[in-house]
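If you want the building blocks of each chain, they are given just below.
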Amino acid sequence: MTRKVSVEDVERVAELAHLELAADETPGMVQDLNAILDYVAELNELDTSGVAPLAQVSELEGAGGASSLRADRVVPSLPRALVMAQAPETDGAFFKVPKVIER
Amino acid sequence: MAGDTKTVETFVEKPATLARLRQDIASGAVKAVDLAGVYYDRIAALNSQLNVYLSLTRERALAQAARVDAMAAKGDPLPPLAGVPVGIKDVLVMQGAPSTAGSKILQGYRPPYDATVVSRLEAAGAVLLGKLNCDEFAMGSSNENSAYGPVRNPVDPERVPGGSSGGSAAAVAANMAVCTLGSDTGGSIRQPASFCGVVGVLPTYGRVSRYGLIAFASSLDRVGPFASNVRDAATMLGVIAGHDPNDATSSPAAVADYAAESDRPVEGLRIGVPAEYFGEGLDPDVRAAIEQGIDSLKAAGCTVKPVSLPATRYAIPTYYLVATAEASANLARFDGVRYGYRSPASATLSDMYSHSRDEGFGAEVKRRILLGTYALSAGYYDAYYLKAQKVRRLLAEEFLRAFAEVDAIVTPTSPVPAFKLGEKTGDPLAMYLADIYTVTASLAGICGVTVPCGTTPAGLPVGMQVLAAHLKESTAFRVAQAVEAAQT
């Protein structure tokens, strides 16, 4: 009944994450992703119908969440020169990267 | 300057208290510039053995120290941390100073801005010595995942300091800083504090700004202080806590005078002890030390009662799904485009992304990114990530119900004392408990303090974790200080 992760699943996930796995890394990853399925099976022991997901703990009662949004105002951001100083390759205004080639 | 003589060399040295330093600097007995010099000398003597600091911010530190000395000389009132030497975990940015997050992918990166906590420390007069070693992107519990080599535990350099804030904990334990800042996502302040025998604080989620913290898991990450005693940890929290318009999750709730609150007696407080944290896998020496600590709370007039947290075991799958999913999203920005490492000679943009990430990230980071990507991928998001966030609400609500019955919940911070480098901890039950002890509070957003609570017969530190409800750091500090007082 428990779905098993395949090597193709691992390769697809790696592609999505822009990571390349070496051949010897793949079996370990298959194992790790299967462990995720075990975790999910455990969570499915709990009935959460009618339970809203908790993405922000600060929304809980007494947790100190902010009740209002800030004013929609433009304020200065980082100076461009400072930011571009950290770029691997730049013309000063843009980040330069290799050509995008259609697959 | 020397530590105790034992069969294994130890580098433990207790820093002076903030109160003592304040007195000395205000009176002129100690010059902040000289004090910074003493700390840099000690760092020079010990860092090659302990690998605590990754970089030093000497110019900035000495300029700040000179400003403090000028204020003291004029007799001006001194800000709360005037002249205090502080270390900063390398996941927090200091403008113009290297910030690696313990990773090769940010080698050479110099951030263009200061983290809010850095600005606040400096406004309070602190002298920021340098950047502290940590597990890569805060992922790990032994500081063995740093791309720049492990940190060694000052108590026993053959052992780990814990992680991910291993450098932050070790620095205080070895008096290579008076206080430090670290970060905690699933235990990364509490566990190393416990392993190194120092105080560590997990502030309520949102209590301290995350602006300038290189993100791991945005709904879990917290910045918090380490110190050699509870009162000083409370003072540090008071300086860094408070609303920040640059952090949309930061809380507008008022900041208490935590140091003053920590002095208040604990008589009449109700202390909860959860059976789920005292089961198989807990080292008997750790258990004995914690039980002594609990007895001291009874002697101080607390009521100790059992509490039940039956959903505790679900914290592990919940944490692994939530933390890895959020990490995969946060680490997507490291792609070689705008900053950090870019792999040379990539023919296409797509190759540049994957080569830069492959070459820049360590194995554990890659592993967690892949797990998280899987949990979020199309077709699985609802069943995996969203399900975990629903269980998270159940876990949080269980804590809230417990805090209606008790003021604080106490547990061991770690089921085992510091293990040897390369060993991890052999017992799977112990590893399971190690996660349980800390990720539960992480998921619920509640606060806690870990306080030294004795040692094992072999001399390894044991920490007690004192948990309190959201924004009730004062209660946690009070109880922790009572435990600390009973140790002397």
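Rules and cut-offs
Residues numbered from 1 in each chain as written. Chains lettered and ligands numbered in written order. Predicted model: local features only at pLDDT ≥ 70, side-chain atom pairs only at ≥ 80, totals over all residues. Helix = DSSP H or I, 4+ residues; strand = E, 2+ residues; numbered from the N terminus. Rg over C-alpha atoms; globule rule 2.2 N^0.38 Å. Buried ≥ 20, exposed ≤ 12 C-beta atoms within 10 Å, placed from the backbone. Contact = placed C-beta atoms within 7 Å. Pairing = 2+ DSSP bridges. Right-handed = clockwise from strand over helix to strand, strands pointing away. Arc of directions from axis to C-beta. Core = buried A, V, L, I, M, F, W, Y, C linked by C-beta atoms within 7 Å. Nonpolar A, V, L, I, M, F, W, Y, C, P; charged D, E, K, R; others polar. Axes fitted to C-alpha atoms, helices over the stretch in contact; angles between N-to-C directions. pLDDT = per-residue confidence, 0-100.

**Considering the overall build of chain A**
- Helix and strand content of chain A: three helices and zero strands.
- Shown N-terminal to C-terminal, the secondary structure of chain A runs as helices and strands in the order α-α-α.
- Against the 2.2 N^0.38 benchmark of 13 Å for 103 residues, chain A shows a C-alpha radius of gyration of 23 Å, more extended than a compact globule.
- Along the longest, intermediate and shortest principal axes, the C-alpha atoms of chain A span 55 × 50 × 25 Å.
- Among the 103 residues that make up chain A, the fraction classed as buried is 17%.

**Structural notes on the overall build of chain B**
- On a plain count of helices and strands, chain B comes out with 15 helices and 11 strands.
- Against the globule reference of 23 Å for 488 residues, chain B gives a C-alpha radius of gyration of 21 Å, in line with a compact fold.
- C-alpha extents for chain B along the principal axes are approximately 65 × 55 × 50 Å.
- Every one of the 488 residues in chain B was classed for burial, and the buried ones make up 63%.
- Long-range pairs, those at least 24 residues apart, make up 75% of the contacts in chain B with a sequence separation of at least 6.

**Focus: the pairing of strand E7 (residues 270-274) of chain B**
All names here are of chain B.
- The pairing of E7 with strand E8 (residues 303-307) spans five bridges and is classified as parallel. Along E8, the bridge assignment pairs Pro 274 with Val 307.
- Assessed by its sense of winding, the connection that carries the chain from E7 through helix H9 (residues 284-299) to E8 is right-handed.

**Examining helix H1 (residues 18-27) of chain B**
Residues and elements named next belong to chain B.
- Looking at H1, one finds that the buried residues are Leu 18, Leu 21, Arg 22 and Ile 25. Angular distribution of buried residues about the axis of H1 spans 100°; they occupy a single face of the element. Seen from the open side of H1, the exposed residues pointing more than 90 degrees away from its buried face are Arg 20 and Ser 27.
- Those residues of H1 that are buried are in contact with helix H2 (32-50), helix H3 (58-74) and helix H7 (230-240).
- Just downstream of H1 lies Gly 28, where phi reads positive at about 90°.

**A short note on unusual backbone geometry**
Residue and element names in this part refer to chain B.
- The omega torsion across Gly 163 and Ser 164 is 10°, close enough to zero to call that bond cis.
- If you trace the backbone, Ser 164 turns up in the loop between strand E3 (127-132) and helix H5 (166-173).
- In this structure, Ala 101 takes a positive phi of about 55° despite not being glycine.
- Note on placement: Ala 101 falls in the loop between strand E2 (85-89) and helix H4 (116-123).
- Classification of Ala 101 as buried rests on a count of 30 C-beta atoms within 10 Å.
- At Phe 137, a position not held by glycine, the phi torsion is positive, near 50°.

**Quick look at the pairing of E2(B)**
All names here are of chain B.
- Among the five residues in E2, five count as buried, and that is most of the element.
- Because side chains alternate across E2, one face comprises the buried residues Pro 85, Gly 87 and Lys 89, and the other comprises Val 86 and Ile 88, equally buried.
- Taking the sense of rotation as the criterion, the β-α-β connection linking E2, H4 and E3 turns out right-handed.
- Across three bridges, the pairing between E2 and strand E4 (residues 179-184) is parallel. Note that in E4 the partner of Val 86 across the bridge is Cys 179.

**Points about the nonpolar core**
- Ranked by size, the top nonpolar core spans 176 residues in total, and within it Val86(B), Ala408(B), Val466(B) and Val479(B) carry the most contacts.
- Setting aside anything within four residues of it in sequence, one finds Ala408(B) in contact with Leu269(B), Ile271(B), Val466(B), Leu467(B), Ala468(B), Thr475(B), Ala476(B) and Val479(B).

**Description of the interface of chain B and chain A**
- At the interface, 60 residues of chain B touch 43 residues of chain A.
- Counting only elements with at least two residues in the side of chain B that touches chain A, the list comes to helix H10 (315-330), helix H11 (349-360), helix H12 (363-376) and helix H13 (382-405) of chain B.
- Per-element tally for the side of chain B that touches chain A: the top contributor is H13(B), with 12 residues.
- Partitioned by chemical class, the residues of the side of chain B that touches chain A number 32 nonpolar, 16 polar and 12 charged.

**A word on the sheet that holds strand E9 (residues 408-412) of chain B**
Residue and element names in this part refer to chain B.
- Strand order in the open sheet made by the 11 strands is E1-E3-E2-E4-E6-E5-E10-E11-E9-E7-E8, with mixed pairing throughout. Each having just a single partner strand, strand E1 (53-56) and E8 make up the two edges of the open sheet. This sheet shows a mean twist of 30° between the axes of neighbouring strands, independent of strand direction.
- The pairing of strand E10 (residues 447-455) with strand E11 (residues 461-468) spans seven bridges and is antiparallel.

**A few points about the environment of Glu9(B)**
Residue and element names in this part refer to chain B.
- Along the chain, Glu 9 falls in the segment before H1.
- You can call Glu 9 partly exposed: it has 14 C-beta atoms within 10 Å.
- Glu 9 sits 146 residues away from Val 155 along the chain, and the two C-alpha atoms are 8.1 Å apart.

**A few points about the confidence of the model for chain B**
- Averaged over every residue, the pLDDT of chain B is 95; the share at 70 or more is 98%.
- For this predicted complex, the interface confidence reaches an ipTM of 0.93, while the overall pTM sits at 0.96.

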